[in-house]
Amino acid sequence: MAALLGAEPADAQKLVAAAKGNDVLDVAVDNGPGQIVISGSKAAVDRASAMVKEFNIRRAAPLPVSAPFHCALMKPAAEALAEVLDGMTIAPPAVPLIANVTAAPVADPASIRKLLVQQVTDLVRWRETIASLPALDVDTVVEVGAGKVLTGMVKRITPDLNPLNVDTPADIDAFLKTL
């Protein structure tokens, strides 16, 4: 996987089409303005990374990941997840759930099951997901975990949202007091 810095979705799609060859290469994540992630075989990602300047993309940054997530190479994992989910009961959510492959709210358990499987191989529409939150009366987004990568993306996508980062046990305690 590689992050294409200075890229927009149309740029990334053109690059993927040119670099793919006979290998798997997909646009994997739309992180927001100026950052698209591609995923696929190492050879195809390397080819695409070497071609970025031809497509007016500033640079490609390799991502230190353990697998080529959100691309066709993850189909066996998606099939395994489908088998696991088939044996589980999924209840309608108490709050809106936004599927990252549709960037739209979903409440039907059968649809949730299908979209959970689909998200293993399909494009993550993070930009659209975050941009949809104000229409759902969301004004605060909380990133839980180490780092502030998602918090920064939220600020760039929808400046009106209040992004918070909860990183340490003290942060968690302080955040819980605000609820």
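Residues numbered from 1 in each chain as written. Predicted model: local features only at pLDDT ≥ 70, side-chain atom pairs only at ≥ 80, totals over all residues. Heavy atoms only, no water.

Quick word on the overall build of the protein chain
Quick reminder of the rule: Labels follow the DSSP assignment, with helices taken as runs of H or I lasting at least four residues and strands as runs of E lasting at least two, numbered in each case from the N terminus. Classification of residues uses two cut-offs on accessible area relative to the type maximum, computed with a 1.4 Å probe and protein chains only: under 20% is buried, over 50% is exposed, and between them is partly exposed. Two residues qualify as a contact provided that any one of their heavy atoms is within 4.5 Å of a heavy atom in the partner residue. Each accessible area is a Shrake-Rupley estimate made with a 1.4 Å probe; only the visible protein chains count as cover when residues are assessed. In this count, Lys and Arg are taken as positive residues and Asp and Glu as negative ones, while His and the chain termini are left out. Charge positions come from single atoms, namely NZ of Lys, CZ of Arg, CG of Asp or CD of Glu.
Within the protein chain, the secondary structure is distributed over seven helices and eight strands. Taken along its principal axes, the extent of the C-alpha atoms in the protein chain is 50 × 40 × 30 Å. The proportion of buried residues among the 179 residues of the protein chain is 39%. Restricting to contacts in the protein chain with at least 6 residues of sequence separation, those with at least 24 account for 60%. For the protein chain, the accessible area works out to roughly 10,000 Å², and carbon and sulfur atoms hold 60% of it. Distance between charge centres in the protein chain, computed from 16 positive and 20 negative side chains, equals 6 Å.

Remarks on the side chain of H70
Short version of the rule: For the purposes of these results, a polar contact is taken to be a pair of N or O atoms within 3.5 Å, where, inside protein, one atom must be able to donate a hydrogen and its partner to accept one; residues adjacent in sequence count only when each atom of the pair is a side-chain atom.
Structurally, H70 can be placed in the loop between β4 (59-62) and α3 (75-86). A residue is classified by how much of its surface remains accessible, and H70, at 17% relative accessible area, is buried. Of the polar contacts made by the side chain of H70, one reaches the backbone oxygen of Q119; its length is 2.8 Å. Beyond its immediate stretch of four places on either side in the chain, H70 contacts D26, V27, A28, V29, Q119, V120, T121, D122 and V124.

Quick look at the pattern of salt bridges
Put simply, the test is: Salt bridges are defined by distance alone: a side-chain nitrogen of Lys or Arg within 4 Å of a carboxyl oxygen of Asp or Glu.
Under the defined criterion, the tally for this structure stands at seven salt bridges. One salt bridge in this structure joins K20 and D26, with 3.8 Å as the shortest N-O distance. Where E79 meets K75, a salt bridge forms, and the shortest distance between an N and an O atom there is 3.9 Å. In this pair, E79 and K75 are both assigned in helix α3, four residues apart and thus about one turn of the helix distant. Accessibility expressed as a relative area gives 43% for E79, which makes it partly exposed. Of the residues examined, K75 reaches a relative accessible area of 49% and is grouped as partly exposed.

A look at the sheet that holds strand β1 (residues 2-5)
Across a sheet, paired strands are connected by hydrogen bonds in the backbone, their directions being either parallel or antiparallel. Spelled out, the test is: We call two strands paired when DSSP finds no fewer than two bridges between them. Geometry is summarised by axes, namely lines fitted to C-alpha atoms with helices restricted to the contacting stretch, and by angles between N-to-C directions that run from 0 to 180 degrees.
Sheet architecture is open: four strands sit in the order β2-β3-β1-β4, paired in antiparallel fashion. Every interior strand has two partners, whereas the edge strands, β2 (25-32) and β4, have only one. Across the sheet, the mean angle separating the axes of adjacent strands is 25° when strand polarity is ignored. With six bridges joining them, β2 and strand β3 (residues 35-40) adopt antiparallel strand pairing. Bridge pairing in β3 places L25 opposite G40. Across the face of the sheet, helix α1 (residues 9-19) comes into contact with β1, β2 and β3 while running at roughly 165° to β2.

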